[in-house]
Amino acid sequence: MSYCSAVEKMQPESRKELHKKYHDNHYGFPIHDDNELFGRLIMEINQAGLSWETILKKEEGFRKAYDDFNIEKVAAYSEEDRERLLSDPGIIRNKLKVNAAIENAKTIIELQKEFGSFEKWLEEHHPKTLQEWMKLFKKTFKFTGGEIVNEFLMSIGFLKGAHAVDCAVNEAILKHDPMWMIG
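Everything in this summary refers to the structure shown in the same document. Keep in mind the model is a prediction, meaning the values are calculated, not measured.

### Considerations on the pattern of salt bridges
Per the counting criterion, the structure on display carries 13 salt bridges. In this structure, Arg-82 engages Glu-103 in a salt bridge whose closest nitrogen and oxygen atoms are separated by 3.6 Å. Of this pair, Arg-82 sits in helix H7 (residues 79–86) while Glu-103 sits in helix H8 (residues 95–115), and the two are 21 residues apart along the sequence. Exposure remark for Arg-82: the relative accessible area of 14% places this residue in the buried category.

### Considering helix H10 (residues 130–140)
Buried within H10 we find Trp-133, Leu-136, Phe-137 and Thr-140. For H10, the angular spread of buried residues about the axis comes to 95 degrees, placing them on one side. Among the exposed residues of H10, those pointing more than 90 degrees away from its buried face are Gln-131, Lys-135, Lys-138 and Lys-139. Contact partners of the buried residues in H10: helix H3 (34–47), H8, helix H9 (118–124) and helix H11 (146–155).

### Some points on H3
The end-to-end C-alpha distance of H3 is 20 Å, a good match for the 20 Å that 14 residues give at a rise of 1.5 Å each. Most of H3 is tucked away: twelve of the 14 residues are buried. For H3, the complete set of buried residues consists of Asp-34, Leu-37, Phe-38, Gly-39, Arg-40, Leu-41, Ile-42, Met-43, Glu-44, Ile-45, Asn-46 and Gln-47. Residue Asp-33 occupies the N-cap position of H3, its side-chain oxygen lying 3.0 Å from the main-chain nitrogen of Asn-35. Note on H3: the residue one or two positions beyond its end, Gly-49, has a positive phi of about 85 degrees.

### Some points on the packing of aromatic side chains
Overall, the coordinates contain 14 aromatic pairs when judged by the stated rule. Judged by centre distance (6.1 Å) and plane angle (25 degrees), the rings of Phe-118 and Trp-121 are stacked. Separated by three residues within a single helix, Phe-118 and Trp-121 lie in helix H9, roughly one turn from each other. Neither Phe-118 nor Trp-121 differs from the other in exposure class; each is buried. Aromatic side chains Phe-137 and Phe-141 sit 5.1 Å apart centroid to centroid with 40 degrees between the ring planes, which places their arrangement in the tilted category. For the pair Phe-137 and Phe-141, one class covers both residues: buried. Taken together through their ring pairs, the aromatic side chains of Phe-118, Trp-121, Trp-133, Phe-137, Phe-141, Phe-152 and Phe-158 make up a single cluster. Here Arg-84 stacks its cationic end above the ring of Tyr-77, 5.3 Å away from the centre of that ring.

### Regarding the environment of Leu-86
Assignment of secondary structure puts Leu-86 in helix H7. The class of Leu-86 is partly exposed, set by a relative accessible area of 25%. The spacing of Leu-86 and Val-98 is twelve residues in sequence and 7.3 Å in space, taken between C-alpha atoms.

Reading the values: rules and limits
- Each chain carries its own residue numbering, running from 1 in the direction its sequence is written.
- Reporting of local features is limited, given that this is a predicted model, to residues whose pLDDT is at least 70; pairs of side-chain atoms are given and counted only at 80 or more, and all residues count toward the totals for whole chains, interfaces and linings.
- Side-chain numbers here rest on the full set of heavy atoms in the structure, without hydrogens or water.
- A pair is scored as a salt bridge if a Lys or Arg side-chain nitrogen falls within 4 Å of a carboxyl oxygen belonging to Asp or Glu.
- Helix and strand assignments follow DSSP, with helices taken as H or I runs no shorter than four residues and strands as E runs no shorter than two, numbered in order from the N terminus.
- Each residue is assigned to one of three classes by its accessible area relative to the maximum for its type, calculated with a 1.4 Å probe on protein chains only: buried under 20%, partly exposed between the two thresholds, exposed over 50%.
- Directions drawn from the helix axis to the C-beta atoms are what define this arc.
- The contact criterion used throughout is that any non-hydrogen atoms of two residues lie within 4.5 Å.
- Any helix carries an expected span of 1.5 Å times its number of residues minus one.
- A 3.5 Å cut-off defines polar contacts: any pair of N or O atoms within that distance qualifies, except that in protein one atom must be a possible hydrogen donor and the other a possible acceptor, and neighbouring residues in sequence count only when both atoms are side-chain atoms.
- Only centres within 6.5 Å qualify two rings of Phe, Tyr or Trp (six-membered ring in Trp) as a pair; their planes then separate them into stacked at under 30 degrees, edge-to-face at over 60, and tilted for everything else.
- Charges are assigned to positions over rings by a cutoff of 6 Å between ring centre and Lys NZ or Arg CZ, combined with an angular limit of 35 degrees from the ring normal.

This is the structure:
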């Protein structure tokens, strides 16, 4: 069953609305802001081993805890910041995931220096198969297994499959020229 179909059948209504908001307005739409791309990567990394619903419920907590996903601020986090994050009930308190966010922010800064932006680094490597993307992410970032890479790239429009072909949101996404349509 596709996420599109699953969302429509969710109960109670509050759960359905949480997923519908993400499904209709974010999932699969291209993101052109590096901080938002970084934020999506943080959320996908934190989803590992948990439900996406848990992450959606904590999105504002993540945004607040990680300075609105500001790459430069997160890259400069100190040991005190790590401790603050590990004691923050508004996010997932997992040392590996917290460390990955900080280290990945540092990596993205280096990619920005070399390519101009995180988005341009992604574009530079497009198109790739999922297997090729997985190798690249494993070599470049921390805590980025296959499912994380797949969901991250689908969620930002680099890989096809976020929505069923007959989903109305899929039609809306096509108007934004997702990268999976190019190449």
